[in-house]
Structures are given as structure tokens and as C-alpha cells.
Amino acid sequence: MSAIPLDYEMLRLIWWALLGILLIGFAIMGGMDLGVGALMPAVARTDEERRVLINLIGPTWEGNQVWLVLGGGAIFAAWPAIYAVSFSGFYIAMIAILLALILRPVGFKFRGKVDDPRWREAWDWGLFIGGFVPALVFGVAMGNLFLGAPFRLDATLRPSYEGNFFGLLTPFALVAGLVSLGMLITQGAAVIAARTEGMVALRARLYGRWAALATAGLFALAGLAILFLIDGYRVVSPQDVLGPSNPLGKTVELVRGGWAANYAAMPLLWLAPILGLAGSLVAYWALGAQARITGILASSAAIAGILTTAGVSLFPFMLPSSVDPAASLTVWDSSSSQLTLFIMLGATIVFLPIILVYTAWVFRVMRGPVTAQSIDRNPNAY
């Protein structure tokens, strides 16, 4: 291992940060598509208006989905223990997300195959479900990280999950789900307002402003609950940040306000929740002022701030256990080997810039307003 130029602690920190970047990337890029889908029944009232929204996200949604695939791959390869516990324990929630996401490409391809209003309306509702359900469930899952998941690890580190899907739907988790839904609807509204015209853009600005205010208010409410109502986890035994992954080699206690400990130790971290609140409020202003680019940037900043707040609040925990706190998975005891992390980092350094350049190129090619007239001129339109 001495030939590896980065020590185990640094590699674990890098991959913790990379996972956060990938999740933020998906929330910003994929959030555009999810937000547009969730807004479709409210913003688009006619078949022509719905086609405008479909052709707004249709050419780019597959590229945006890459961020989700990368995030899942990073969890599988860099944090196998977290992958094993979360994907098996949250199985029904994961299936609900996947089924909803499957409706989106199928809706794009099949909606225009039959010239029947009922057929098209059915697929339009499928596109709405494909945006609404993942946006909500992703937030519920994030909220449950603060509450802890009901799992244990035996002596051989095999996980056993003791909860069920409905146990995830606690009041705090639902608030977190609404924060996620609100911020992604704001993102979708900002994109619609920036790239469409007429009544579609007007309605998007209206609903987007309400969503931005709801995001800010619910985010603040969730923060107060974390500070004063929810017990946070704290490792009270020494952890070997350079040692092999063994989640059972530590002692954990629950403390009221424990999730705020990192902010007390490093006050600069308060910039993350401030960014989340300020971004939402600026997005509210920008949508009202018809500041198109500012609206997208502010909404994206809010997403980055909110998800960064979750990450730095939980650190070093990645998946706490509510039934056996000592089995909680942290950055220091649930990663792959040092060599695996280093090899994957090399691959990431090569391929992530390619993805960024390709994404920028696609959005440059697809820039400009999407209108009924531009759709009629495009023989490949949905």
C-alpha cells in the first residue's frame, strides 16, 4: 500500500466529497426533468403546451440521468456496506423510484404513437408520476438518514433490516420529502420560465415562486427540528481513520442537537444552510422579475446548499442505525479498500471531465426557446 500516493484517510474523504458532488449534480441536472414532469398538470393545460414541456426535456433527460447512474455506481464501488444495507432495506422505496423513472422514457416514446386524447393524457400523467414520485421519495430517504435506519450487523457484518416501507414515512421524513419536492419543482419552473413563452412560462413563474418559498420555509423548519427535536449521533470512542472497514469497532451515543456538532467545530459550515435559504429566496425573486438565467442559477445554488447541509451535518455518518447505533456506517468504517478507492479515483479523473464537457456541449446545442412553432418545424419532435 505504500506505493499509493494518497493515504486511506484522504481517499475516504475524497470519495465522500465525490459522492456528494454526484448527488448534487443529479439533483441539479436531473432535477430539471423531475421538476418539469411534476409541474406538467399545473403548467400545461393543452396538448400543445404539454408537447412544449416534453420537447423541453426530451432531448437531454438521458444525459442528465447519467448523474444518477454515477451516484449509484459510486455507492456500489466505494461504499459497498452502504449499498448493501440501503438497497436491500429500502427495497420498496427503490422499486417505487425505479418504476416511476421507467414511466418517463416510455411516456416520451409512446405518447405520440396514437392520435387519441385519452391515450396522450394517460402518458402525460405517467410523466407527472415519473417526476413527482422520485422527487418526493428521494427527500424522504434523506430525512431518514437523520433518524437512522432500522438495521443491524451480525459478527460477520451481514446486515439485517427490521423496518418496512411505511415506517419510513415519519413526520420529519415527510417534511424532508417536501423540501426535496419543492426545490426540484423550483428548478423545473426556472427552466420552463427561461426556455418557454406565453402562458406556460407565466404559470411556471407563479408555481415556481410558491415552490421556492415553500422550500425555504420547510428547509428552515427541518433545521429547527434537527436542532431541538431530533437526537443526533456521535462517535464517543476513538476511530482509526486509516484502519480497515469495520463498523462494529466503535461506540456511538445519541445526543439532542448532535447533528449541529460540526457547525460548532467549524463555523464556516454555516455557509451551506445559508446558501440553501438564500438560493431559494433569490430564485423566488428571479422568477418574479423574469430574470431567466438568474432563476436557474439561484435554484441550482439552493439545491447545492441544501444537499451540502445534509452531508456536512451527518459527517462522518453516512447511514446511522436506529436500532443499534454502534452498527452505524461512517466514512471511516464502511468504504472499499485503499487500492480500490485509488484506482476508481484515477478513472473518475479521466471520465468525469468528459461527462462535463459533453453535457455542456449538449446544452449549448439545445439552447434557445422551445415553442409550438419550433416543434412544428422539427420533424424529430415528440
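About the criteria used
- Residues numbered from 1 in each chain as written.
- Predicted model: local features only at pLDDT ≥ 70, side-chain atom pairs only at ≥ 80, totals over all residues.
- Heavy atoms only, no water.
- Axes fitted to C-alpha atoms, helices over the stretch in contact; angles between N-to-C directions.
- Helix = DSSP H or I, 4+ residues; strand = E, 2+ residues; numbered from the N terminus.
- Parallel < 35°, antiparallel > 145°, perpendicular 65-115°, else oblique.
- Left-handed = near helix turned anticlockwise from the far one by under 90°.
- Contact = heavy atoms within 4.5 Å.
- Phe/Tyr/Trp six-rings, centres within 6.5 Å; stacked < 30°, edge-to-face > 60°.
- Buried < 20%, exposed > 50% of the residue type's maximum accessible area, 1.4 Å probe, protein only.
- Lys NZ or Arg CZ within 6 Å of the ring centre and 35° of its normal.
- Nonpolar A, V, L, I, M, F, W, Y, C, P; charged D, E, K, R; others polar.
- 1 Å grid on protein atoms, 1.4 Å probe; cavity = no way out; pocket = protein on both sides within 12 Å on 5 of 7 lines; lining within 4 Å.
- Points joined across faces, edges and corners; volume = space filled by probe spheres on them.
- Core = buried A, V, L, I, M, F, W, Y, C linked by side-chain atoms within 4.5 Å.

Asks: An account of the packing of helix 10 (residues 271-289) against helix 11 (residues 292-314) is requested, with residue identities and associated values reported.
Replies: Following both chains from N to C, one finds helix 10 and helix 11 inclined at 155 degrees, their axes separated by 7 Å at the closest point. With respect to each other, helix 10 and helix 11 are oriented roughly antiparallel. Here helix 10 runs over helix 11; the crossing is left-handed. Where helix 10 abuts helix 11, its residues A272, P273, L275, G276, G279, S280, V282, A283, W285 and A286 lie against T294, G295, A298, S299, A301, A302, G305, I306, T308 and T309.

Asks: An account of the packing of aromatic side chains is requested, with residue identities and associated values reported.
Replies: Within the structure shown, the criterion is met by 19 aromatic pairs. Ring centres of W61 and F108 lie 6.0 Å apart, and the angle between their planes is 45 degrees; on these two criteria the pair is classed as tilted. Of the two residues, W61 sits in helix 3 (residues 61-78) while F108 sits in helix 5 (residues 91-110), which places them 47 residues apart along the sequence. Accessibility expressed as a relative area gives 11% for W61, which makes it buried. Every member of this aromatic cluster is reached through a ring pair, and the members are F146, F172, Y233, W259 and F317. Geometry around Y8 places R12 over its ring, the cationic atom sitting 3.6 Å from the centre.

Asks: Could you give me a rundown of the packing of helix 2 (residues 47-57) against helix 6 (residues 117-147), with the residues and numbers involved?
Replies: Each pair of packed helices can be summarised by the angle the axes make with each other and by the distance between the axes. With their axes 12 Å apart at the nearest point, helix 2 and helix 6 run at an angle of 40 degrees to one another. Viewed along their axes, helix 2 and helix 6 adopt a mutual orientation that is oblique. Our pair here, helix 2 against helix 6, has a crossing hand that is left-handed. Contacts between helix 2 and helix 6 involve D47, R50, R51 and I54 on the former and, on the latter, R120, D124 and L127. Class assignment for the residues of the contact of helix 2 with helix 6 results in two nonpolar, no polar and five charged.

Asks: Lay out the environment of L18 in plain terms, naming residues and giving numbers.
Replies: Here L18 lies in helix 1 (residues 8-43). L18 gets classed as buried once you look at its relative accessible area, which sits at 12%. With 56 residues separating them in the primary sequence, L18 and A74 have C-alpha atoms 8.4 Å apart. Excluding residues within four positions of it along the chain, L18 makes contact with L345 and T348.

Asks: Any details on empty space enclosed by the protein? Residues and values, ideally.
Replies: The full count for this structure, using the stated rule, is two cavities of 30 Å³ or more. Of the pockets and cavities examined, the largest cavity occupies roughly 60 Å³. Lining of the largest cavity is provided by A190, A193, R205, A286, L287, Q290, A291, R292, G295 and I296. Of all the elements in the fold, those that place two or more residues in the lining of the largest cavity are helix 7 (171-195), helix 10 and helix 11. Considering every element that reaches the lining of the largest cavity, the biggest residue donor is helix 11, with three residues. Of the residues assigned to the lining of the largest cavity, the class counts are six nonpolar, two polar and two charged. Considering only enclosed or pocket space, the second largest cavity measures out at about 40 Å³ in volume. What lines the second largest cavity is M183, T186, A212, T215, S280, S299, A302 and I303. Going through the elements one at a time, helix 7, helix 8 (198-228) and helix 11 are the ones with two or more residues in the lining of the second largest cavity. The dominant element in the lining of the second largest cavity, judged by the number of residues it contributes, is helix 11, at three residues. By residue class, the composition of the lining of the second largest cavity is four nonpolar, four polar and no charged.

Asks: Kindly report on the nonpolar core, identifying the contributing residues and their values.
Replies: In this structure, W15, L53, L56, W79, F151, I192 and W259 are the most contacted members of the largest nonpolar core, which totals 94 residues. With 18 residues, the single largest contributor to this core is helix 1. Once you skip the residues sitting within four places of it in the chain, L56 turns out to touch V36, V191, I192, R195, T196 and V370.

Asks: How would you sum up the environment of V191? Please name residues and give values.
Replies: Mapping V191 onto the fold places it in helix 7. Through-space distance from the C-alpha of V191 to that of I343 is 37 Å; in sequence the pair is 152 residues apart. Not counting chain neighbours up to four residues away, the residues in contact with V191 comprise M32, L56 and I296.

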